[in-house]
Amino acid sequence: MGDSYSTYLLDIEGTVCPISFVKDTLFPYFAKKVPQLVQQDSRDSPVSDILSQFHIGDKDQLQAHILELVAKDVKDPILKQLQGHIWAQGYESGQIKAPIYADAIDFIKRKKRVFIYSSGSVKAQKLLFGYVQDPNTPALDSLDLNSYIDGYFDINTSGKKTKAQSYANILRDIGASASEVLFLSDNPLELDAAASVGIGTGLATRPGNTPVPDTQKYQVFKNFETL
Ligand SMILES: [Mg+2]
C-alpha cells in the first residue's frame, strides 16, 4: 500500500513503538523521581521554578499532589512541563531509550518524506526520536533519527488527532495534496479523520494494541516491512 505515496505521516505509540512505552516506562520513571525532586528541591533550579508554579509550600503535600495528578492522568500544564524536564534528563543520561521497532527505524531511514503526528508535544517527540534504542546493540549508545524526519506535529500545532480539520492543517503546513500522503496509526478514529480529508490510511496492528472490531474497513499492516 505504501508505494503510491510520496509522503508519510506517522503516529508514535502503537505504530512505531509499543503502546506500553509511555505507561510502563515514562510514567513510572517520572513517578519514581517525584519524591527526590520535591524533597531535594533547591532554589533557582529549573525544577524549583516549575514546582513553585503549583503554589504548595508543604513538601509532603506537594509530592502527594503531583503523584495524584499522575495517577489520575490529569492533563495539567505544570505537570507536563515537569515531566518533560525529567524525561529530557532521563534520555540525556542514557537511562531512557525509545524502543522504536527495527522495521520502523528502517522505514524512517528509507522513505524520503516522513512526518510525525502525536499527542505528545513536539519537544517530547524530538527527544524520543533523538534517543532510540539501537535494536542491534541495545546496550550501547542510542540512535538519533531526527535527521531522517521532516517535521513534527502535535495537538498545539495542528489540533486533536480525531478531528478532520487537524489533517487539513497538516496538509497545508507540509504543502502536500491529500492523495500523496499516507497516515499510519493504531487508532481507527484518527484514521477516519484523516480519510475524511482524502489522506490514505493504514491501521497498525502491533502486539499489545487495542483490537479494532471492524478491521475490514481498514488497510491493516503488522509492520513497516511491507510498506
Ligand atoms: Mg497511537
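Residues numbered from 1 in each chain as written. Predicted model: local features only at pLDDT ≥ 70, side-chain atom pairs only at ≥ 80, totals over all residues. Heavy atoms only, no water.

The name an unreviewed UniProt entry assigns to the chain is Enolase-phosphatase E1, from the organism Saccharomyces paradoxus. We quote the UniProt Sequence similarities (unreviewed entry) comment for the chain here in full: "Belongs to the HAD-like hydrolase superfamily. MasA/MtnC family." UniProt annotates the chain under Subunit (unreviewed entry) with the comment "Monomer." (UniProt positions renumbered as here; feature names shortened; annotations may be inferred.)

A. Layout of the coordination of the magnesium ion. Only Asp11 (OD), Glu13 (O) and Asp186 (OD) from the protein reach the magnesium ion as donors, at distances of 2.2 Å. Spacing between the donor residues of the magnesium ion along the chain follows D-x1-E-x172-D. A relative accessible area of 4% places aspartate 11 in the buried class. (Donors = N, O, S within 2.8 Å, 3.2 Å for Na, K, Ca; no water. Buried < 20%, exposed > 50% of the residue type's maximum accessible area, 1.4 Å probe, protein only.)

B. Expanded view of the side chain of glutamine 125. Tracing the chain through its elements places glutamine 125 in helix α6 (residues 122-130). Among all residues touching glutamine 125, those that are not within four sequence positions of it are Ile12, Ile116, Ser118, Gly120, Tyr152, Phe153 and Asp154. (Helix = DSSP H or I, 4+ residues; strand = E, 2+ residues; numbered from the N terminus. Contact = heavy atoms within 4.5 Å.)

C. Spotlight on helix α1 (residues 20-39). In a regular helix each residue adds 1.5 Å, so 20 residues correspond to 28 Å; α1 covers 29 Å between its end C-alpha atoms and thus fits that length. At lysine 33, α1 shows its largest kink, close to 35°, and the proline proline 35 lies no more than four residues downstream. Taken together, the buried positions of α1 are Phe21, Leu26, Tyr29, Phe30, Val34, Leu37 and Val38. In this structure, the buried side of α1 is in contact with α2 (46-52), α3 (59-71), α4 (77-92) and α6. (Expected span 1.5 Å × (residues − 1). Bend = angle between axes of the 7 residues up to and from the residue.)

D. Geometry of the sheet that holds strand β6 (residues 220-221). Within the open sheet, the six strands sit side by side as β3-β2-β1-β4-β5-β6. Their pairing is parallel. The outermost strands of the open sheet, each flanked by one partner alone, are β3 (151-153) and β6. As defined by bridge partners, strand β1 (residues 7-10) adjoins strand β4 (residues 181-185) across four bridges and the pair is classed as parallel. Its bridge partner lying in β4, leucine 10 is registered against leucine 184. Set on the sheet, α6 makes contact with β2 (113-117) and β3; between it and β3 the angle comes to about 135°. (Pairing = 2+ DSSP bridges. Axes fitted to C-alpha atoms, helices over the stretch in contact; angles between N-to-C directions.)

E. Region of interest: α3. With 13 residues, α3 extends 18 Å between its outermost C-alpha atoms, agreeing within 8% with the 18 Å of an ideal straight helix rising 1.5 Å per residue. Along α3, the residues that are buried comprise Leu62, Gln63, Ile66, Leu69 and Val70. All buried residues of α3 project into a common sector of 130° when viewed along the axis, lining one side. Those residues of α3 that are exposed and aimed more than 90 degrees away from the buried face are Asp60, Gln61 and Ala71. (Arc of directions from axis to C-beta.)

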